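What follows is each chain in one-letter form.
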Amino acid sequence: SLSFSPLIVGIILGMLYANSLRNRLPETWVPGILFCSKQILRLGIILYGFKLTFQDVMAVGLPAILIDIIVVTVTICGGVLIGKWMKIEITLLTSVGSAICGAAAILGAESTIKSKPYQTAVAISTVVIFGTISMFLYPVLYRNGIVDLTPDQMGIYTGSTLHEVAHVVGAGNAMGKEISDVGIIVKMIRVIMLVPALLVIGYFVARASVQKINQHQPAEGGKSKITIPWFALVFLAVIGFNSFDLLPQPAISFINDFDTFLLTMAMTALGAETSIEKFKKAGVKPFLLASFLYIWLLAGGYLLVRYITPYFV
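So, here is what we can say about the structure in this document. (Residues numbered from 1 in each chain as written. Predicted model: local features only at pLDDT ≥ 70, side-chain atom pairs only at ≥ 80, totals over all residues. Heavy atoms only, no water.)

Once that is clear, we can look at the nonpolar core. Membership of the largest hydrophobic core comes to 90 residues, with the highest contact counts inside it found for Ile-100, Ile-124, Met-154 and Val-191. Ranked by residue count, the leading element in this core is helix H7 (residues 117-143), at 10 residues. Not counting the four nearest positions on each side in its chain, Val-191 is found in contact with Tyr-48, Leu-52, Ile-100, Cys-101, Val-165 and Phe-235. (Core = buried A, V, L, I, M, F, W, Y, C linked by side-chain atoms within 4.5 Å. Buried < 20%, exposed > 50% of the residue type's maximum accessible area, 1.4 Å probe, protein only. Helix = DSSP H or I, 4+ residues; strand = E, 2+ residues; numbered from the N terminus. Contact = heavy atoms within 4.5 Å.)

Below you can see the structure in the form of C-alpha cells.
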C-alpha cells in the first residue's frame, strides 16, 4: 500500500546485518549468501517475465516505444562517457540502473560483467535515492501544473524516466489510474529492453577483455569467450510464453509473488556483502554520476514527451 519495494527493504536489512552481526556469525553462512546473490538472482530475473506481455507493449503505441528507446540509449551511452571522464569504476552499473529498471537491471548487468557485491549495492543505492525522490516529486509537479502534460503524456513521462517499477506505481497512484496504467506499461517496455542491453554489454565486455589480453600477451594473440547472458534470453522467452495467456491468473499471481521473494533474497544477500567501509571505498563519484543522469531523465524526458507525442496524435 506504500508502494515501497520489498527489494529495497531487503537490501537495507542486508546492509544493517553486514555492519552489525556479519563478523559474529559462522563462515558456513557465506556460501548461502553467495548462492542467493548469483543463482537465485538469475532465476528471479527469468520469472520477472511473467509480469509482462507483448500485447502490453503494442497497447501503448509507437511514441512510447520510441521515447523509451531514446531514453535508454542516451542514458547508458551518456553515463558511460561521463563515468569514463570521471574515472568511476561502477559507471556501467549506475547507467544501466538509471536507464532501464533500477535494481533488476543492475542485478542483470552485475551477472554479465561480474562486478563486486559492494559495487552492485552502491549502484542500487543511487537508484533508490533518486527514484524515491521522483516518486514524491512527479505528483507535485503534475498537480501544480509545473509539468504541462496530458494524462497520457504524463503516464509516458513517468514510465520512461522513473527508475524502479515500484517508483512508477507509487507516483502513478498519486496522480490517478489513467496515468498509472500507461506509466506501468511504458515502464515494462523499458524492462524488456534489458535483454538487448545485456547482449550488447556482454559483447563489449568480451571485446575489452580481448584487447586487454592482446596488450599483455601479443605473441599469443589472446582470445576471449563472449559471455552470453542466457538468463536474459530465457527472460524474453518467458515474456513470449506469458503473452499467450496459457496460465490461469491465480498461477501468475503466485509466480509473481514467488519472484518478488526470490529477488528480495538476492537483494538481501547483496546488502549482506556491503559494509560502510566499501561505500567509503566507492566514494562520492557514483552519486554524482547518478545525479547527472537524473537531471537528464527529468529534463530530457520531459522535452521528449512534450515534442514527440504530438506527432502521433
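From this point, things continue past the structure.
Before going further, it helps to spend a moment on the layout of surface pockets. Here the second largest pocket defines a volume of roughly 260 Å³. Put simply, the parts of the chain that give the lining of the second largest pocket at least two residues each are helix H1 (6-18), helix H9 (165-175) and helix H13 (249-272). Here the element with the most residues in the lining of the second largest pocket is H13; it accounts for three residues. Of the residues that constitute the lining of the second largest pocket, the class distribution is eight nonpolar, two polar and three charged. (1 Å grid on protein atoms, 1.4 Å probe; cavity = no way out; pocket = protein on both sides within 12 Å on 5 of 7 lines; lining within 4 Å. Points joined across faces, edges and corners; volume = space filled by probe spheres on them. Nonpolar A, V, L, I, M, F, W, Y, C, P; charged D, E, K, R; others polar.)

Proximity of charged atoms lets side chains of opposite charge pair with each other. Under the definition given, this model contains one salt bridge. In this structure, the salt-bridge partner of Asp-148 is Arg-306, at a minimum N-O distance of 3.7 Å. Of this pair, Asp-148 sits in the loop between H7 and helix H8 (151-161) while Arg-306 sits in helix H15 (residues 285-308), placing them 158 residues apart in sequence. Relative accessible area serves as the criterion here: at 29%, Arg-306 is assigned to the partly exposed category. (Salt bridge = Lys/Arg side-chain N within 4 Å of Asp/Glu carboxyl O.)

One can describe the packing of helix H5 (residues 91-99) onto H15 by two numbers: an axis separation of 10 Å at closest approach and a directional angle of 30°. Taken as axis vectors, H5 and H15 run roughly parallel relative to one another. Note on packing geometry: the crossing formed by H5 with H15 is right-handed. Facing Thr-91, Thr-94, Ser-95 and Ser-98 of H5, the residues of H15 in contact are Pro-286, Leu-289, Ala-290, Leu-293 and Leu-297. For the contact of H5 with H15, the residue count by class is five nonpolar, four polar and no charged. (Axes fitted to C-alpha atoms, helices over the stretch in contact; angles between N-to-C directions. Parallel < 35°, antiparallel > 145°, perpendicular 65-115°, else oblique. Left-handed = near helix turned anticlockwise from the far one by under 90°.)

What follows deals with the environment of Thr-73. Locating Thr-73 in the fold gives a position in helix H4 (residues 62-86). As for Thr-73 and Ala-197, which are separated by 124 residues in sequence, their C-alpha atoms are 8.9 Å apart.

Summed over all chains, the structure comprises six aromatic pairs. Pairing Phe-50 with Phe-241 gives two aromatic rings, centres 6.3 Å apart and planes at 80°, and the pair type is edge-to-face. Taken together, the residues span a long stretch of sequence, with Phe-50 in the loop between helix H2 (30-47) and helix H3 (54-60) and Phe-241 in helix H12 (residues 230-243) at a distance of 191 residues. For Phe-241, a relative accessible area of 34% puts it in the partly exposed group. Centroid distance Phe-130 to Tyr-294: 5.2 Å. Interplanar angle 35°. Geometry classified as tilted. Of this pair, Phe-130 sits in helix H7 while Tyr-294 is found in helix H15, placing the two residues 164 residues apart along the sequence. (Phe/Tyr/Trp six-rings, centres within 6.5 Å; stacked < 30°, edge-to-face > 60°.)

Now for H12. Since one α-helical turn is 3.6 residues long, residues separated by three or four positions face the same way. Given a rise of 1.5 Å per residue, 14 residues ought to cover 20 Å, and the 20 Å separating the end C-alpha atoms of H12 matches this to within 8%. All of the buried residues in H12 are Phe-231, Ala-232, Phe-235, Val-238, Ile-239, Gly-240, Asn-242 and Ser-243. Positive backbone phi, at 55°, marks Asp-245, one or two positions downstream of H12. (Expected span 1.5 Å × (residues − 1).)

Structurally, the position occupied by Ser-180 is in helix H10 (residues 177-192). For Ser-180, a relative accessible area of 4% corresponds to the buried category. Among residues more than four places away in sequence, those in contact with Ser-180 are Gly-172 and Asn-173.

At a minimum axis distance of 9 Å, the contact between H7 and H9 shows a crossing angle of 15°. When the axes of H7 and H9 are compared, the pair comes out roughly parallel. Every pair of crossing elements has a handedness; the one defined by H7 and H9 is right-handed. Across from Val-127, Val-128, Gly-131, Thr-132, Met-135, Tyr-138, Pro-139, Tyr-142 and Arg-143 in H7, the residues of H9 making contact are Ala-166, His-167, Gly-170, Ala-171, Ala-174 and Met-175.

In this section: the environment of Thr-132. In this structure, Thr-132 sits in helix H7. What makes Thr-132 partly exposed here is its relative accessible area of 22%. Sequence spacing of Thr-132 and Val-168 is 36 residues, and the spatial spacing of their C-alpha atoms is 9.8 Å. Excluding its chain neighbours within four sequence positions, the residues that come into contact with Thr-132 are Val-127 and His-167.

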